[in-house]
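A look at the structure
Single-letter residue listing:
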Amino acid sequence: MNIFQEIQRRGLVNNASSGLAELLAKNDSVAFYAGFDPTAPSLHIGNLVPLMAMRLLQKAGHKPYILLGGATGLVGDPSGKNQERPLLSEEVVQANLLGLRTQLEKFLAFEGTHAAVIVNNAEWFARMGYLEFLREAGKYMNVAYMISKDIVKRRLESGISYAEFSYQLMQAYDFWYLYTHYNVQIQLGGSDQWGNITAGIEFIHKKCGKEVQGFTVPLLTRADGAKFGKSEGDNIWLDPAQTSPYRFYQYLLNTADEDVEKLLRVFCEEPLEKLEEIMHEHRQAPHLRHAQRYLAASLTRFVHGEEALQRAILASETLFRKGSEENLHRLRATELAELFETLPHATAPLSLLDEASTVVDLMAAFPAFFPSKSEVRRLIQAGGLTVNRRPVTDGNLRPDRSWLLHNRFLLVQKGKKQYFVLRFE
RNA sequence: GGGGAGAUACCAAAGCGGUCAAAUGGGCUUGACUGUAAAUCAAGUGGCGUAUGCCUUCACAGGUUCGAAUCCUGUUCUCCCCA
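What counts, and where the lines are drawn
Residues numbered from 1 in each chain as written. Chains lettered and ligands numbered in written order. Predicted model: local features only at pLDDT ≥ 70, side-chain atom pairs only at ≥ 80, totals over all residues. Heavy atoms only, no water. Helix = DSSP H or I, 4+ residues; strand = E, 2+ residues; numbered from the N terminus. Buried < 20%, exposed > 50% of the residue type's maximum accessible area, 1.4 Å probe, protein only. Contact = heavy atoms within 4.5 Å. Areas by Shrake-Rupley, 256 points an atom, 1.4 Å probe, with all protein chains shown as cover. Expected span 1.5 Å × (residues − 1). Salt bridge = Lys/Arg side-chain N within 4 Å of Asp/Glu carboxyl O. Phe/Tyr/Trp six-rings, centres within 6.5 Å; stacked < 30°, edge-to-face > 60°. Axes fitted to C-alpha atoms, helices over the stretch in contact; angles between N-to-C directions. Left-handed = near helix turned anticlockwise from the far one by under 90°. Nonpolar A, V, L, I, M, F, W, Y, C, P; charged D, E, K, R; others polar. Near = heavy atom within 4 Å. Polar contact = N/O pair within 3.5 Å; in protein donor to acceptor, adjacent residues only side chain to side chain. Pairing = 2+ DSSP bridges. Domains from an automatic or database assignment.

Check the secondary structure of chain A and you find 21 helices and 13 strands. The principal-axis extent of the C-alpha atoms belonging to chain A is close to 80 × 45 × 40 Å. Expressed as a percentage of the 425 residues in chain A, the buried residues total 50%. Sequence-distant contacts, at least 24 apart, represent 74% of the contacts inside chain A between residues at least 6 apart. Surface accessibility of chain A: about 20400 Å² in total, with carbon and sulfur atoms responsible for 50%.

Quick look at the structure:
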């Protein structure tokens, strides 16, 4: 099986230019690239999809370039947006750039014969004047062609600024720049990048008369219709400060049976036969979630490391498998401290506990977890509030220090899956 | 430039003087069932020490009225048709 078939069979190819398979088949080492715009301080789990494709290509001997959009990030890509986006300030872009760079460095090999290289398109755009851009880039693109792109067409009614309209030309120029300076012959990106990628192919064809290739990875969706990687409207970030490794692990562990095979193929680099075995075992006893556990462990380890994974597993086991009230009281102080670090938590003075006249008041003192007293009361009425594993049935109960585990901790549970640890001191 | 329609809670969408904290659907939260699933069913979904109670909400600012999401005036924004 060649590399193109491999990435195809893993479900990593959504759209590909016609000469891609041949280019990869006939060359031992081709340089390729994907761009990442610094629109957020962290990558999210969805960004991992093109990165997985890049890893596979690199392992097969091809050379990856990562393009950071220090310049394009200042303009804003209209792809996949139905509204003009607000301009990001240079400071924000700079800060984001730094965050992305450190994250990206974890995911590809930067040493060896096919070492990955990071470039920033600010390098060439910053020193280029407007006239030069018009003459060197603008002259080779036809407006009719640019307007006919889906992304642009869709936006013509609702409005698209000249800046965002120009984005595809900038990206096309990037591709050309990497092609002429580093012999980069393939561009890949998310499925919304197809228009920009083909613009680059067209551009290079016109300017150099050469043929280059491109492909897109699919946008992963879930069986329930939601975008993969979104939870309650928020992205699952790779930055542990924004999405804790525990939450990251839990998100993947909760993957629906219908989706898990697809995700295994995308995110786990084991041979496909091995993944087939995992699925086979999973189907024998789906309730054990063998496949989900494998996926969650593999990806959490990949992104956050072995230690963070073990913490996430330990917390998950403690809470969901051995989560009886007795077991909770058997936990040692160090184990509780560990849970505190792993789960969403808050610290408050003991006086808060002493002065709270009801459970409702105490909970409402933590607005990050409980936005209002009404909400707490509602939750209690529905039987959904649990403190230290014991359901709270009366919201007017007065809490006291005897509730604390190891004189410090309170494990609060909202529904079945949402845990918070409160620490009093 | 001319004519018309509209702006209601997270979204869609009823309501057109009191019975409106505002129908209905989706979403979301919780419960039951379960595999920390799916499907299904049930409850909840502005705030408040829980109340035939009070407070803040129906684009914004004023006004009429005992009483306004509903009527009037102005402002802002959106959509449609004609030129």
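What follows is about helix α15 (residues 290-304). With 15 residues, α15 ought to run about 21 Å at 1.5 Å a step, and its terminal C-alpha atoms sit 21 Å apart, in line with that. Those residues of α15 that fall on the buried side of the exposure criterion are A291, Q292, L295, A296, A297, S298, L299, T300, V303 and H304. Residues of α15 that are buried in the fold lie against α3 (48-59), α12 (245-253), α13 (257-267), α14 (272-284) and α16 (306-321). After α15 finishes, the residue G305 shows a positive phi value of roughly 95°.

Note on pairing: side chains with opposite charge can pair once their charged atoms come close. All chains considered together, the criterion is met by 17 salt bridges. The closest approach of N and O atoms between E202 and K206, which form a salt bridge, is 3.6 Å. Of this pair, E202 and K206 are both found in helix α11 (residues 194-208), 4 residues apart, which corresponds to roughly one turn of the helix. One connected set of salt bridges, linked through shared partners, spans R55, K59 and E269.

So, on to the packing of aromatic side chains. In total, this model carries 16 aromatic pairs according to the counting rule given. Between the aromatic rings of Y65 and Y182, the centroid separation amounts to 5.0 Å while the plane-to-plane angle is 35°, which identifies the pairing as tilted. Of this pair, Y65 sits in strand β3 (residues 63-68) while Y182 is found in helix α10 (residues 167-182), placing the two residues 117 residues apart along the sequence. Here Y65 falls in the buried class, since its relative accessible area comes to 6%. Its relative accessible area of 31% is what places Y182 among the partly exposed residues. When the ring of F320 is compared with that of Y419, the centres are 5.6 Å apart and the planes differ by 90°; the resulting orientation is edge-to-face.

In contact at an axis separation of 10 Å, α13 and α15 are set at 35° when each is read in the N-to-C sense. Between α13 and α15 lies a crossing of left-handed hand. Residues D257, V260, L263, L264 and F267 of α13 form the contact with α15, whose participating residues are A291, Q292, Y294, L295, S298 and L299. A per-class count over the contact of α13 with α15 returns 8 nonpolar, 2 polar and 1 charged.

Here we take up the protein's contact with RNA strand B. Not every one of the 25 residues close to RNA strand B is listed here, only the nearest: L253, K373, S374, R377 and R378. Between P286 and RNA strand B, the recorded distance is 3.5 Å, taken from a backbone N or O atom to a base nitrogen. Within the contact set of RNA strand B, a phosphate oxygen lies 2.8 Å away from a side-chain nitrogen or oxygen of R378. Elements that contribute at least two residues to the surface near RNA strand B include exactly α12, α16 and α21 (373-381). Of all the elements, α21 adds the most residues to the surface near RNA strand B, at 5 residues. Split into classes, the residues belonging to the surface near RNA strand B amount to 5 nonpolar, 12 polar and 8 charged.

Within the element layout of this structure, S316 appears in helix α16. At 2.8 Å, the side chain of S316 forms a polar contact with the backbone oxygen of A312.

What follows concerns the sheet that holds strand β4 (residues 117-120). Overall, mixed pairing links the 6 strands, which are arranged β1-β6-β5-β2-β3-β4 in an open sheet. Each edge of the sheet is formed by a strand with only one pairing partner; in this case those strands are β1 (15-16) and β4. Direction of pairing for β1 relative to strand β6 (residues 213-217): antiparallel, over a ladder of 2 bridges. When the sheet's bridge partners are listed, N15 is paired in β6 with T216. Here α3 sits on the sheet in contact with β2 (31-36), β3, β5 (184-190) and β6, set at roughly 165° to β2. Packing against the sheet, α10 makes contact with β2, β3, β4, β5 and β6, and its axis sits at approximately 145° to β5.

For the rest of this paragraph, the subject is the environment of P41. In this structure, P41 sits in the loop between β2 and α3. Between the C-alpha atoms of P41 and W237, which are 196 residues apart in sequence, the distance is 9.6 Å.

Here chain A is partitioned into domain 1 (3-217), domain 2 (230-321) and domain 3 (334-424). A straight line from the C-alpha centre of domain 1 to that of domain 3 covers 48 Å.

Mapped onto the fold, K227 is located in the loop between β6 and β7 (230-231). Exposure remark for K227: the relative accessible area of 43% places this residue in the partly exposed category. As a C-alpha pair, K227 and E270 span 43 residues in sequence and 25 Å in three-dimensional space. Not counting residues up to four positions away in its chain, the partners in contact with K227 are L219, L220, R222 and Y251.

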